[in-house]
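# Analysis of the macromolecular model
Listed here are the chains, written in short residue letters.
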Amino acid sequence: NQQKIKSICCIGAGYVGGPTMAVMAQRNPDIKVTVVDLNKQRIADWNDADLSKLPIFEPGLDQVVEEARGRNLFFSTEVDQAIQEAEMIFISVNTPTKTYGKGKGMAADLKYIELCARQIAEVATTDKIIVEKSTLPVKTAQAIKSILDHTGNGVKFQILSNPEFLAEGTAMTDLANPDRVLIGGEQTLEGKKAIQALVDVYATWVAKSQILTTNIWSSELSKLVANAFLAQRVSSINAISELCEATEANVEEVAKAIGMDSRIGPKFLKASVGFGGSCFQKDILNLVYIAKSLGLNQVADYWEQVILMNNHQRNRFANNIVSTLYNTVSGKKIAFLGWAFKKDTNDTRESAAIYVADRLMDERAQITVYDPKVTATQMQGDINYLNTRSESENKQYLETETDPYKALEGAHAIAVLTEWDEFKTYNWQTIYNNMSKPAFVFDGRNVLDKVELEKIGFIVQSIGK
Ligand code: NAD
Ligand code: UGA
């Protein structure tokens, strides 16, 4: 007797919960999918008739929401009701790095996860399958199970791990066409039935061969390991970029040369000002913490280097701007192109731009930022969050422009922090004419045409060449 899921609830309407459930609902018109969140504004934005007001910018997301919303996709703040109705509940809440107590600065903060488990236990009056969608330390399912079994109403819970591998900016294509879907569960008869129920939900659009089922601990751990390996590639190529700069090798040529080895592969070898995003740093720190907790100090040190290298790359970029501008940027206008942690997203979490700005503001540079998708409020919030100086000082040193040409006018230097495509299409001659001379460009993403810019008269510094 195979269970066919008819009703799904997802707790957490964020970057993962929103797009993931939108696609799940789109591909399963006969399943009712309700995404709930405590954040009333976020839910209101998901329900806004004007699709440009969705709380997350992802290319293609608006069309999928338009197709499914109100049909079988719903966004709501009625958490209890959605839990009660659902046969399957995804937990997709945030799992940030702890900022207090034991494991501060490293371990994942599981308080939101635990709150969800307790709320489900309190409300549920029928059996449920609970799906961990958030990225969690290995063995979290044990804690969730213990809470559910000890505080519930005697109903049965099965816990699955189904980590999400989408990347921001390409979330919709990643979801429509995933490299794999990973589902971990208990290796008992009941556990296998639950796994099968979730496999069936995905199988409406993902080939069975791409749906991988494992034991629950392998699934939880694989998510942390996947992010650690991806980030490790970026730190590895960034380490080589510094070596290239010292030897006249070109990091793009090196990346191409090694990437053509099918064992290495060409992807994720772009040298940059450093990786950002909400997850790489958080998940590696979490992995390092788990290894340390288990007494595996060499394992912990090995992975920690990925973070240290990333911090070094960001600092190196900022320090190079200062030293190139004759060792003083005090009172000089430095214009940033880009603030988001990568192109095609409005997400700024852990963006390298924040740390580079902070370092330059320490040197009293006057920063003006243009980003096509990030608001001034968001940028101020990001800088204030670092707590380096007062909010009024931050306001004084960090400005925002909504017109790129205005942002660049009169600047002593331009720093490219995000690889937005539109930067390539600007009229660089006009920009040059309106800048202070000598006009410097620091291309932290290697997106601009160095030769063309040098022809115009710019002094250009790229990463690793
Ligand atoms: P997010 O902060 O964008 O969204 C989380 C949402 O959960 C918030 O809107 C918050 O209000 C809500 N929430 C928290 N506690 C709640 C509760 N008790 N009840 C109802 N709502 C609650 O986070 P995100 O980026 O979507 O990430 C969620 C998880 O997915 C994290 O574990 C993250 O590591 C993982 N992940 C993220 C990405 C990504 O690209 N952002 C990719 C893969 C995995
Ligand atoms: C990453 C992973 O790619 C996803 O598989 C994962 O699901 C997600 O983390 C997560 O768990 O949150 P995301 O952070 O959205 O996705 O974006 P990426 O494309 O991985 O980029 C991360 C950072 O690395 C960006 O700042 C990007 O600019 C940088 N990067 C990436 C490089 O500097 N060079 C590269 O070659 C690739």
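By the naming in an unreviewed UniProt entry, the chain goes by UDP-glucose 6-dehydrogenase and is assigned to Pseudotamlana agarivorans.

With that out of the way, let us pick up helix 13 (residues 352–362). An α-helix turns once every 3.6 residues. As a result, residues three or four positions apart point the same way. With nine of eleven residues buried, helix 13 is to be regarded as a mostly interior element. Phi turns positive, to about 65 degrees, at arginine 364, one or two residues after helix 13.

Two numbers describe how helix 9 (residues 216–247) lies on helix 10 (residues 251–259): the axes approach to 9 Å, and their chain directions differ by 130 degrees. By the angle class used here, helix 9 and helix 10 are oblique. In the packing of helix 9 onto helix 10, the handedness of the crossing is right-handed. Where helix 9 approaches helix 10, its residues Ile237, Ile240, Ser241 and Cys244 are matched on the opposing element by Val251, Val254 and Ala255. Looking at the contact of helix 9 with helix 10, its residues break down into six nonpolar, one polar and no charged.

This paragraph deals with the site of ligand 2. Close to ligand 2 lie 21 residues; Lys270, Ser272, Phe275, Gly277 and Cys279 are nearest. With three residues, the single largest contributor to the shell around ligand 2 is helix 9. Taken together, the residues of the shell around ligand 2 sort by class into eleven nonpolar, six polar and four charged. Per-domain counts for the shell around ligand 2 show at least three residues from each of domain 1 (7–206) and domain 2 (225–307).

Turning next to the site of ligand 1. As a matter of local geometry, ligand 1 sits amid 27 residues, with Gly12, Gly14, Tyr15, Ser134 and Thr135 nearest to it. In terms of residue count, helix 5 (residues 111–123) provides more of the shell around ligand 1 than any other element does, three residues in total. When grouped by side-chain class, the residues that make up the shell around ligand 1 number 13 nonpolar, ten polar and four charged.

Turning to the pairing of strand 13 (residues 440–443), a few remarks are in order. Consecutive side chains along a regular strand alternate between the two faces of the sheet. Neither face of strand 13 is left uncovered, since the one carrying Phe440 and Phe442 and the one carrying Val441 and Asp443 both have all their residues buried. As paired elements, strand 12 (residues 413–416) and strand 13 share four bridges and run parallel to each other. Of the residues in strand 13, the one forming a bridge with isoleucine 414 is valine 441. Considered for its hand, the β-α-β crossover made up of strand 12, helix 17 (residues 428–433) and strand 13 is right-handed. Pairing between strand 13 and strand 14 (residues 459–462): four bridges, direction parallel. Residue aspartate 443 lies in a different strand from strand 14, and its bridge partner there is serine 462. In the classification by handedness, the crossover that spans strand 13, the intervening helix 18 (residues 450–456) and the parallel strand 14 is right-handed.

It is worth spelling out helix 6 (residues 140–151) at this point. With twelve residues, helix 6 should cover 16 Å at 1.5 Å per step; its first-to-last C-alpha distance of 17 Å lies within 8% of that length. Burial in helix 6 covers these residues: Thr140, Ala141, Ile144 and Leu148. What you see down the axis of helix 6 is that its buried residues fit within an arc of 100 degrees, all on one side. The outward face of helix 6, more than 90 degrees from its buried face, is lined by the exposed residues Ser146, Asp149 and His150. Structurally, helix 6 contributes buried residues whose contacts are with helix 5, strand 5 (128–132), strand 6 (157–161) and helix 9.

This next bit is on unusual backbone geometry. Between lysine 437 and proline 438 the backbone carries a cis peptide bond, its omega angle lying at -5 degrees. Among the structural elements, proline 438 can be located in the loop between helix 17 and strand 13. In this model, phenylalanine 268 sits at a positive phi of 60 degrees, which is unusual for a non-glycine residue. Assignment of secondary structure puts phenylalanine 268 in the loop between helix 10 and helix 11 (280–293). Notably, asparagine 327 is not glycine yet its phi reads approximately 65 degrees, a positive angle. Take asparagine 327: it is sitting in the loop between helix 12 (297–324) and strand 9 (333–337).

Below, the discussion takes up the confidence of the model for the chain. Scored by pLDDT, the chain comes out at a mean of 97, with 100% of its residues at no less than 70. The ipTM, which scores confidence in the relative placement of chains, is 0.98 for this predicted complex, and the corresponding pTM is 0.96.

Cut-offs and rules
Note that residues are indexed from 1 along each chain, following the sequence as it is written. Chains carry letters and ligands carry numbers; both start at the beginning, A for chains and 1 for ligands, and go up in the order they are written. Only residues with pLDDT of at least 70 are given local features in this predicted model, and only at 80 or more are side-chain atom pairs given and counted; all residues enter the totals for whole chains, interfaces and linings. Residue burial here comes from a neighbour count, namely the number of other C-beta atoms, placed from the backbone, that lie within 10 Å of the residue's own C-beta, with 20 or more meaning buried, 12 or fewer meaning exposed, and in between meaning partly exposed. Labels follow the DSSP assignment, with helices taken as runs of H or I lasting at least four residues and strands as runs of E lasting at least two, numbered in each case from the N terminus. Each axis is a line fitted through C-alpha atoms, and for a helix only the stretch in contact is used; angles between axes span 0 to 180 degrees, taken between their N-to-C directions. Reported orientations rely on four angle classes, namely roughly parallel under 35 degrees, roughly antiparallel over 145, roughly perpendicular from 65 to 115, and oblique for the rest. Rotating anticlockwise by less than a right angle from the far helix to the near helix defines a left-handed crossing, while the corresponding clockwise rotation defines a right-handed one. Two residues qualify as being in contact provided that their C-beta atoms, derived from the backbone, are within 7 Å of each other. Nonpolar residues are Ala, Val, Leu, Ile, Met, Phe, Trp, Tyr, Cys and Pro. Charged residues are Asp, Glu, Lys and Arg, and all others, Gly as well, are polar. In this text, near has one meaning. A residue is near a molecule or strand if its C-beta atom, placed using the backbone, is within 6 Å of it. Domain boundaries shown here were taken from an automatic or database domain assignment. Two strands make a pair as long as DSSP finds a minimum of two bridges between them. Crossover handedness is defined here as right-handed if the route from the first strand over the helix to the second strand goes clockwise, with the strands pointing away from the viewer. In this analysis, the expected span of each helix is defined as 1.5 Å times one less than the number of residues it contains. This arc describes the spread of directions from the helix axis toward the C-beta atoms. For every residue, the predictor states its confidence as a pLDDT score lying anywhere from 0 to 100.

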